[in-house]
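Observations on chain architecture
In case you want the letters, here they are:
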Amino acid sequence: MPAALPVVAASAGYGRGIACQLTAVFLFAIMGILVKGLGDSYPTSQIIFFRSLPALLPLFLYLPAQGGWRALLTRRPDLQFIRATVGVASMFAGFYALSQMDFATYVTISFSAPLFGTLLAIPFLGEKVGIKRLAAVLTGFAGVALAAAPDGSGISLYALLALAAAFAYGSIMVVMRKLGSIDRSAATVFYFTLAGVIVGGVMMPFEWVTPTVVDLALLIGVGVLGGVAQMLMTEAFRQAPTSVIAPFDYTAMLWAATLGYLVFGNIPSNQVIAGASIICCAGLFILYRETKLGLKKPKLKRSSL
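Scanning the chain from terminus to terminus reveals 13 helices and 0 strands. N-terminal to C-terminal, the α/β element order of the chain is α-α-α-α-α-α-α-α-α-α-α-α-α. Taken over the C-alpha trace, the chain has a radius of gyration of 19 Å; the compact-globule value for 305 residues is 19 Å, and the two agree within 12%. Overall size of the chain, expressed as C-alpha extent along the three principal axes, is 55 × 50 × 40 Å.

Structure below.
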C-alpha cells in the first residue's frame, strides 16, 4: 500500500503538494548535514542566528503571493510567543545534540515528536486518544528507546537532549493546531524565525568564532535551505491534505542514512534501523487513525501562507 500511495495521491491531483514535500524533506536533510558539520567548529548560537536571518529572505519573497505584509498579522501574540520561544529552545537542543550524534540516529529520535504531540493533545486540546492510538504511541516510544541506544551501552546524554528537542517540538505541534485556525502560516514562520535571529544574535557575540569564507557560505546556506524548505513544506500542506503529505516526512530517514554514510561514513546499526521502522509504522498508524476519526468531525478551514 505505501508504494501505491504516490500514484494514487498524484492521480487525485496532489502531485504538486507531494513534490513540494519531498523537496522540502531533502533540503532539510542537507541543512541537517551542514549543521552537523559546522557544529564542531561553531557555537550553537551562531548556527541558530545564521539558520534564522537568511531564512527571512525566502519568506519575504513569498509574501506578495499571499496577500503581502498583512499575512504577518497575528490575533494571538501570546500563542505566537509560546510557539517561537519553545521552537527556538527546541532548535538549540536539537542542533547541539546533532553536532555530537550520528545523523541517522538523531533523525530517528526526532520522529518521536508526533508521538509527544499526540499525548500532549489530550490535556491541552481535550482530544480523546483511544486504546489503539495509545498503543501505537507506546510502540513508537519503544522504537525510540531502541534507536537511542544503538550500541547497547545505554542512552547517552546527547540522545536525551535530542529527545528533549523532540518533546519541545511535539508541544509546538499542539500550539500550532490552535494557531492554524487563527493566524496565517506566514505569521507563525515569521515570528519563530525572528525569535531565532534575536536569541541567537544576543548570545552570539559572547561565543563568536570568525568563520572562513567557505564556512560563512555554508552558514548562510543553512538559513537559505531552511527557509526555502519551510516555504515548500507550507505550500505542500496547501496543495494536499495532511493525510497525503505527512507520510512523505519519513523519507527523511532514507536521506539521513544515505547522506550520513556519504558525508560522515556512518552506517546505521541494526538497532537504529529497527527503531526507525517501528517509529514509522507507529506514526503512520496514528496518522491513519487521526485521519479516519477526523472524517467524522467538522473540518476547520486551513490557514494558508
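Next comes the rest of the description.
Moving on to a nonpolar patch on the surface. There is a patch of nonpolar side chains on the surface, built from Leu194, Ile198, Val199, Val202 and Met203 and spanning about 380 Å² of accessible area. Note that Val202 resides in helix α9 (residues 185-207). Accessibility expressed as a relative area gives 53% for Val202, which makes it exposed.

Turning to helix α5 (residues 103-110), a few remarks are in order. With 7 of 8 residues buried, α5 is to be regarded as a mostly interior element. For α5, the side-chain oxygen to backbone nitrogen distance between the N-cap and Ala104 is 3.2 Å, and the N-cap itself is Asp102.

All right, on to the side chain of Gln80 then. Locating Gln80 in the fold gives a position in helix α4 (residues 77-100). Assessed through its relative accessible area of 3%, Gln80 is described here as buried. Once you skip the residues sitting within four places of it in the chain, Gln80 turns out to touch Thr74, Leu179, Asp183, Ala187, Thr188 and Tyr191.

What follows is about the environment of Pro77. Along the chain, Pro77 falls in helix α4. Between the C-alpha atoms of Pro77 and Gly260, which are 183 residues apart in sequence, the distance is 39 Å.

A complete count under the given rule lists 10 aromatic pairs for this structure. Ring geometry for Phe49 against Phe50: centres 5.5 Å apart, planes inclined by 90°, an arrangement best described as edge-to-face. Owing to a relative accessible area of 15%, Phe49 belongs among the buried residues under this scheme. On the accessibility criterion, Phe50 (11% relative accessible area) is buried. Judged by centre distance (6.3 Å) and plane angle (45°), the rings of Phe285 and Tyr288 are tilted. Linking Phe285 with Tyr288, this pair stays in helix α13 (residues 270-294), spanning 3 residues, or about one helical turn. Exposure remark for Phe285: the relative accessible area of 31% places this residue in the partly exposed category.

So, about the packing of α4 against α9. Following both chains from N to C, one finds α4 and α9 inclined at 55°, their axes separated by 9 Å at the closest point. Relative to α9, the element α4 lies oblique. Where α4 crosses over α9, the two elements pack in a sense that is right-handed. Judged by residue contacts, Gln80, Arg83, Ala84, Gly87, Val88, Met91 and Phe92 of α4 engage Ala187, Thr188, Tyr191, Phe192, Ala195, Gly196, Val199 and Met203 from α9. Split by residue class, the contact of α4 with α9 holds 10 nonpolar, 4 polar and 1 charged.

Taken as a whole, the chain shows an average pLDDT of 86; of its residues, 90% reach a score of 70 or greater. Across the chain, helix α2 (residues 44-52) holds the top mean pLDDT of 97, while helix α11 (residues 242-245) sits lowest at 76. Counting interchain partners and residues more than four positions distant, the pLDDT-below-50 stretch residues 1-12 has 10 contacts. Confidence over residues 297-305 falls short of pLDDT 50; this stretch has 25 contacts with residues more than four positions distant or in other chains.

Mapped onto the secondary structure, Lys128 falls in the loop between α6 (113-125) and α7 (131-148). According to the relative accessible area criterion, Lys128 is exposed, its value standing at 76%.

With that settled, consider the packing of α2 against helix α10 (residues 213-239). It is the contact of α2 with α10, at a shortest axis distance of 7 Å, that shows an interaxial angle of 50°. Considering the angle they form, α2 stands oblique to α10. Handedness of the α2/α10 crossing: right-handed. For the pair α2 and α10, the contacting residues are Gln46, Ile47, Phe50 and Arg51 in the first and Leu216, Leu219, Ile220, Val222, Gly223, Gly226, Gly227 and Gln230 in the second. Each residue belonging to the contact of α2 with α10 can be placed in one class, and the counts come to 6 nonpolar, 5 polar and 1 charged.

Moving on, we get to the environment of Trp69. Note that Trp69 resides in the loop between α3 (56-62) and α4. Through-space distance from the C-alpha of Trp69 to that of Ala186 is 9.4 Å; in sequence the pair is 117 residues apart.

The next subject is the state of the cysteines. The full count for this structure, using the stated rule, is 0 disulfides. Not part of a disulfide, Cys281 finds its nearest cysteine sulfur in Cys280, a span of 6.8 Å.

Calculation notes
- Residues numbered from 1 in each chain as written.
- Predicted model: local features only at pLDDT ≥ 70, side-chain atom pairs only at ≥ 80, totals over all residues.
- Heavy atoms only, no water.
- Helix = DSSP H or I, 4+ residues; strand = E, 2+ residues; numbered from the N terminus.
- Rg over C-alpha atoms; globule rule 2.2 N^0.38 Å.
- Patch = residues over 30% accessible without salt bridge, like charges linked within 9 Å, V, L, I, M, F, W, Y side chains within 5 Å.
- Areas by Shrake-Rupley, 256 points an atom, 1.4 Å probe, with all protein chains shown as cover.
- Salt bridge = Lys/Arg side-chain N within 4 Å of Asp/Glu carboxyl O.
- Buried < 20%, exposed > 50% of the residue type's maximum accessible area, 1.4 Å probe, protein only.
- Polar contact = N/O pair within 3.5 Å; in protein donor to acceptor, adjacent residues only side chain to side chain.
- Contact = heavy atoms within 4.5 Å.
- Phe/Tyr/Trp six-rings, centres within 6.5 Å; stacked < 30°, edge-to-face > 60°.
- Axes fitted to C-alpha atoms, helices over the stretch in contact; angles between N-to-C directions.
- Parallel < 35°, antiparallel > 145°, perpendicular 65-115°, else oblique.
- Left-handed = near helix turned anticlockwise from the far one by under 90°.
- Nonpolar A, V, L, I, M, F, W, Y, C, P; charged D, E, K, R; others polar.
- pLDDT = per-residue confidence, 0-100.
- Disulfide = S-S within 2.5 Å.

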